[in-house]
Amino acid sequence: MNQAINFRQKFISLIAFTLLALSQIHSIPAFSNILTDVRFPADANVTNVKQAPNNAKGDGSTDDTEAIQQAFDDNWGGNRIIYFPNGTYLVSDTIYWGPSSDLSGNKQKRTILQGQNPFNTIIKLKNNQSGFQNPNSRKAVLWTGQHPPQRFRNAIRSITVNTGNGNPGACGIQFNANNQGTIRYVRVISGDGQCKYGFDFAYPSDIGPALVKNVYAEVFDYGIYVNYQLGIHFVNV
(Lines give C-alpha, C1' and ligand atoms only; values in the text may rest on other atoms or scores of the structure.)
Protein backbone atom coordinates (compact mmCIF):
# COMPACT_ATOMS: atom_id res chain seq x y z
CA MET A 1 0.00 0.00 0.00
CA ASN A 2 2.76 2.44 0.96
CA GLN A 3 4.53 1.71 -2.32
CA ALA A 4 1.36 2.48 -4.27
CA ILE A 5 0.89 5.77 -2.40
CA ASN A 6 4.53 6.76 -2.95
CA PHE A 7 4.25 5.98 -6.66
CA ARG A 8 1.04 8.04 -6.91
CA GLN A 9 2.67 10.98 -5.12
CA LYS A 10 5.73 10.84 -7.38
CA PHE A 11 3.51 10.64 -10.47
CA ILE A 12 1.47 13.66 -9.37
CA SER A 13 4.67 15.58 -8.61
CA LEU A 14 6.03 14.76 -12.07
CA ILE A 15 2.83 15.99 -13.73
CA ALA A 16 2.92 19.19 -11.67
CA PHE A 17 6.56 19.82 -12.54
CA THR A 18 5.86 19.27 -16.24
CA LEU A 19 2.92 21.69 -16.21
CA LEU A 20 5.01 24.25 -14.36
CA ALA A 21 7.85 23.94 -16.89
CA LEU A 22 5.43 24.36 -19.79
CA SER A 23 3.86 27.39 -18.15
CA GLN A 24 7.30 28.95 -17.70
CA ILE A 25 8.16 28.41 -21.36
CA HIS A 26 4.96 30.04 -22.52
CA SER A 27 5.38 32.87 -20.01
CA ILE A 28 8.47 34.04 -21.92
CA PRO A 29 6.88 36.72 -24.14
CA ALA A 30 9.30 36.21 -27.02
CA PHE A 31 8.40 32.52 -27.19
CA SER A 32 4.66 32.67 -26.57
CA ASN A 33 4.14 31.09 -30.01
CA ILE A 34 6.85 28.46 -30.33
CA LEU A 35 7.63 27.33 -33.83
CA THR A 36 7.68 23.68 -34.70
CA ASP A 37 11.01 22.10 -35.58
CA VAL A 38 12.67 23.45 -38.71
CA ARG A 39 13.67 20.58 -40.96
CA PHE A 40 14.94 20.42 -44.53
CA PRO A 41 14.48 17.72 -47.17
CA ALA A 42 17.54 15.77 -48.24
CA ASP A 43 17.88 17.75 -51.48
CA ALA A 44 17.54 21.21 -49.88
CA ASN A 45 21.21 22.04 -50.49
CA VAL A 46 21.83 23.34 -46.97
CA THR A 47 25.03 22.75 -44.99
CA ASN A 48 24.23 20.39 -42.12
CA VAL A 49 27.02 20.73 -39.56
CA LYS A 50 26.54 17.14 -38.39
CA GLN A 51 27.18 15.75 -41.84
CA ALA A 52 30.42 15.38 -43.81
CA PRO A 53 32.73 17.13 -44.29
CA ASN A 54 32.15 18.97 -40.97
CA ASN A 55 30.91 16.11 -38.78
CA ALA A 56 30.08 18.13 -35.66
CA LYS A 57 28.78 15.88 -32.89
CA GLY A 58 26.39 18.09 -30.92
CA ASP A 59 26.56 15.57 -28.08
CA GLY A 60 27.30 17.98 -25.23
CA SER A 61 30.77 16.57 -24.58
CA THR A 62 32.79 16.87 -27.82
CA ASP A 63 34.47 20.19 -28.62
CA ASP A 64 32.83 21.12 -31.93
CA THR A 65 34.62 24.46 -32.43
CA GLU A 66 36.78 23.35 -35.36
CA ALA A 67 33.96 21.54 -37.16
CA ILE A 68 31.54 24.47 -36.86
CA GLN A 69 34.12 27.07 -37.83
CA GLN A 70 35.01 25.07 -40.89
CA ALA A 71 31.37 25.06 -41.96
CA PHE A 72 31.28 28.87 -41.81
CA ASP A 73 34.67 29.22 -43.50
CA ASP A 74 33.59 27.00 -46.40
CA ASN A 75 30.19 28.57 -46.96
CA TRP A 76 30.44 32.33 -46.59
CA GLY A 77 28.92 34.93 -48.86
CA GLY A 78 26.63 32.72 -50.92
CA ASN A 79 23.27 33.02 -49.09
CA ARG A 80 24.05 29.62 -47.65
CA ILE A 81 22.08 28.14 -44.74
CA ILE A 82 24.29 26.55 -42.07
CA TYR A 83 21.90 24.12 -40.39
CA PHE A 84 22.21 22.90 -36.80
CA PRO A 85 20.05 19.88 -35.95
CA ASN A 86 18.98 19.52 -32.32
CA GLY A 87 21.87 18.95 -29.93
CA THR A 88 24.30 20.73 -27.62
CA TYR A 89 27.37 21.92 -29.52
CA LEU A 90 30.29 22.72 -27.20
CA VAL A 91 32.72 25.40 -28.35
CA SER A 92 35.89 26.75 -26.79
CA ASP A 93 36.31 29.92 -28.85
CA THR A 94 34.31 32.45 -30.84
CA ILE A 95 32.55 31.16 -33.94
CA TYR A 96 33.15 33.72 -36.69
CA TRP A 97 31.13 34.25 -39.84
CA GLY A 98 33.60 33.12 -42.44
CA PRO A 99 36.23 33.31 -43.50
CA SER A 100 37.85 33.37 -40.06
CA SER A 101 41.22 33.95 -41.75
CA ASP A 102 40.09 37.43 -42.83
CA LEU A 103 38.04 39.42 -40.30
CA SER A 104 38.66 42.78 -41.95
CA GLY A 105 34.96 43.32 -42.54
CA ASN A 106 34.79 42.80 -46.29
CA LYS A 107 33.57 39.21 -46.41
CA GLN A 108 31.23 38.40 -43.50
CA LYS A 109 27.88 38.52 -45.33
CA ARG A 110 25.03 36.48 -46.79
CA THR A 111 25.36 33.71 -44.22
CA ILE A 112 22.42 32.20 -42.31
CA LEU A 113 22.63 30.12 -39.15
CA GLN A 114 19.45 28.05 -38.80
CA GLY A 115 18.78 25.86 -35.77
CA GLN A 116 16.21 23.10 -35.68
CA ASN A 117 14.52 24.34 -32.51
CA PRO A 118 15.24 27.34 -30.24
CA PHE A 119 15.04 25.22 -27.09
CA ASN A 120 16.75 22.05 -28.26
CA THR A 121 19.52 23.43 -30.49
CA ILE A 122 22.21 24.88 -28.23
CA ILE A 123 25.67 26.30 -28.85
CA LYS A 124 27.37 26.31 -25.48
CA LEU A 125 30.71 27.79 -24.49
CA LYS A 126 32.79 25.37 -22.46
CA ASN A 127 33.34 26.35 -18.85
CA ASN A 128 36.34 28.41 -17.70
CA GLN A 129 37.83 29.24 -21.11
CA SER A 130 41.00 31.34 -20.92
CA GLY A 131 39.99 33.75 -23.69
CA PHE A 132 36.80 34.78 -21.91
CA GLN A 133 38.08 35.90 -18.53
CA ASN A 134 38.13 39.70 -18.91
CA PRO A 135 34.66 40.95 -17.86
CA ASN A 136 35.10 44.08 -20.00
CA SER A 137 36.21 42.33 -23.18
CA ARG A 138 32.77 41.50 -24.67
CA LYS A 139 34.19 38.46 -26.46
CA ALA A 140 31.33 36.82 -28.33
CA VAL A 141 30.34 33.20 -28.72
CA LEU A 142 28.88 34.09 -32.15
CA TRP A 143 30.26 37.00 -34.23
CA THR A 144 28.80 38.00 -37.60
CA GLY A 145 31.15 40.77 -38.78
CA GLN A 146 32.16 44.40 -38.26
CA HIS A 147 32.05 47.57 -40.36
CA PRO A 148 31.96 48.82 -43.06
CA PRO A 149 28.17 48.36 -43.45
CA GLN A 150 28.32 45.54 -45.97
CA ARG A 151 27.04 42.66 -43.81
CA PHE A 152 24.12 41.92 -46.13
CA ARG A 153 21.58 39.22 -45.27
CA ASN A 154 23.25 37.77 -42.18
CA ALA A 155 20.80 35.88 -39.99
CA ILE A 156 20.58 33.74 -36.84
CA ARG A 157 17.39 31.76 -36.30
CA SER A 158 15.94 29.22 -33.87
CA ILE A 159 18.84 28.55 -31.51
CA THR A 160 20.07 29.01 -27.94
CA VAL A 161 23.52 30.37 -27.10
CA ASN A 162 24.78 29.57 -23.60
CA THR A 163 27.91 31.31 -22.29
CA GLY A 164 28.67 28.50 -19.82
CA ASN A 165 30.17 28.93 -16.36
CA GLY A 166 33.32 30.78 -15.39
CA ASN A 167 33.45 32.94 -18.53
CA PRO A 168 32.83 36.49 -17.22
CA GLY A 169 34.14 38.12 -20.41
CA ALA A 170 31.77 36.28 -22.73
CA CYS A 171 28.79 37.77 -24.47
CA GLY A 172 26.28 35.65 -26.32
CA ILE A 173 26.06 37.21 -29.78
CA GLN A 174 27.70 40.18 -31.47
CA PHE A 175 25.41 40.64 -34.43
CA ASN A 176 25.83 42.77 -37.51
CA ALA A 177 23.64 42.87 -40.62
CA ASN A 178 22.89 45.57 -43.17
CA ASN A 179 20.03 46.26 -45.59
CA GLN A 180 18.53 42.84 -44.88
CA GLY A 181 19.19 40.62 -41.89
CA THR A 182 17.51 39.14 -38.86
CA ILE A 183 17.71 37.42 -35.50
CA ARG A 184 14.55 35.43 -34.78
CA TYR A 185 13.59 32.92 -32.10
CA VAL A 186 16.98 33.12 -30.40
CA ARG A 187 17.81 32.80 -26.70
CA VAL A 188 21.05 33.77 -24.99
CA ILE A 189 21.68 32.48 -21.48
CA SER A 190 24.45 33.23 -19.00
CA GLY A 191 25.19 29.88 -17.40
CA ASP A 192 26.25 31.32 -14.04
CA GLY A 193 24.91 34.87 -14.27
CA GLN A 194 28.40 36.40 -14.39
CA CYS A 195 28.35 37.77 -17.95
CA LYS A 196 27.50 41.39 -18.70
CA TYR A 197 26.19 41.27 -22.26
CA GLY A 198 23.68 38.99 -23.96
CA PHE A 199 22.97 40.45 -27.41
CA ASP A 200 25.60 43.04 -28.33
CA PHE A 201 24.49 45.44 -31.07
CA ALA A 202 26.92 48.18 -30.03
CA TYR A 203 30.37 46.89 -30.97
CA PRO A 204 30.34 48.47 -34.48
CA SER A 205 28.61 51.78 -35.17
CA ASP A 206 26.72 50.84 -38.31
CA ILE A 207 24.39 47.90 -37.66
CA GLY A 208 21.17 47.83 -39.65
CA PRO A 209 18.73 47.99 -41.16
CA ALA A 210 17.82 44.65 -39.58
CA LEU A 211 15.00 42.87 -37.76
CA VAL A 212 15.34 41.46 -34.23
CA LYS A 213 12.22 39.50 -33.35
CA ASN A 214 11.26 37.01 -30.65
CA VAL A 215 14.51 37.01 -28.68
CA TYR A 216 15.20 36.35 -25.01
CA ALA A 217 18.21 37.04 -22.78
CA GLU A 218 18.58 35.53 -19.31
CA VAL A 219 20.77 36.60 -16.36
CA PHE A 220 22.91 39.26 -18.03
CA ASP A 221 23.59 42.79 -16.76
CA TYR A 222 22.56 44.02 -20.22
CA GLY A 223 20.31 41.60 -22.05
CA ILE A 224 20.29 43.75 -25.18
CA TYR A 225 23.12 46.27 -25.52
CA VAL A 226 22.57 48.94 -28.17
CA ASN A 227 24.48 52.06 -29.11
CA TYR A 228 24.27 54.08 -32.30
CA GLN A 229 22.99 52.04 -35.24
CA LEU A 230 21.44 52.57 -38.67
CA GLY A 231 18.08 51.09 -37.81
CA ILE A 232 17.25 47.90 -35.90
CA HIS A 233 13.56 47.06 -35.64
CA PHE A 234 12.85 45.26 -32.37
CA VAL A 235 9.72 43.13 -32.02
CA ASN A 236 8.74 41.05 -28.97
CA VAL A 237 11.98 41.09 -26.99
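Structural data are supplied above this passage.
Considering a nonpolar patch on the surface
Then comes step 1: There is a patch of nonpolar side chains on the surface, built from I224, V226 and V237 and spanning about 210 Å² of accessible area.
Then comes step 2: You can see V237 is positioned in the segment after strand 15 (232-235).

Digging into the pattern of salt bridges
Then comes step 1: Per the stated rule, a full pass over the model turns up 4 salt bridges.
Then comes step 2: Residues R39 and D37 are paired through a salt bridge, measuring 3.3 Å at the closest nitrogen-oxygen approach.
Then comes step 3: For D37, a relative accessible area of 29% gives the class partly exposed.
Then comes step 4: Here R138 and D200 are joined by a salt bridge, their closest N and O atoms 2.9 Å apart. Taken together, the residues span a long stretch of sequence, with R138 in the loop between strand 7 (121-125) and strand 8 (139-143) and D200 in strand 12 (residues 197-200) at a distance of 62 residues. Of the two residues, R138 and D200, neither departs from the other in class, the shared state being buried.

Structural notes on the layout of surface pockets
Then comes step 1: Approximately 150 Å³ is the volume attributed to the largest pocket.
Then comes step 2: Together, R39, F40, P41, A42, A44, N45, V46, T47, N48, Q51, A52 and Y83 line the largest pocket.
Then comes step 3: Of the residues belonging to the lining of the largest pocket, the class tally is 7 nonpolar, 4 polar and 1 charged.

Thresholds applied
- Residues numbered from 1 in each chain as written.
- Predicted model: local features only at pLDDT ≥ 70, side-chain atom pairs only at ≥ 80, totals over all residues.
- Heavy atoms only, no water.
- Patch = residues over 30% accessible without salt bridge, like charges linked within 9 Å, V, L, I, M, F, W, Y side chains within 5 Å.
- Areas by Shrake-Rupley, 256 points an atom, 1.4 Å probe, with all protein chains shown as cover.
- Salt bridge = Lys/Arg side-chain N within 4 Å of Asp/Glu carboxyl O.
- Helix = DSSP H or I, 4+ residues; strand = E, 2+ residues; numbered from the N terminus.
- Buried < 20%, exposed > 50% of the residue type's maximum accessible area, 1.4 Å probe, protein only.
- 1 Å grid on protein atoms, 1.4 Å probe; cavity = no way out; pocket = protein on both sides within 12 Å on 5 of 7 lines; lining within 4 Å.
- Points joined across faces, edges and corners; volume = space filled by probe spheres on them.
- Nonpolar A, V, L, I, M, F, W, Y, C, P; charged D, E, K, R; others polar.

The values reported here are purely geometric and, on their own, carry no functional implication.
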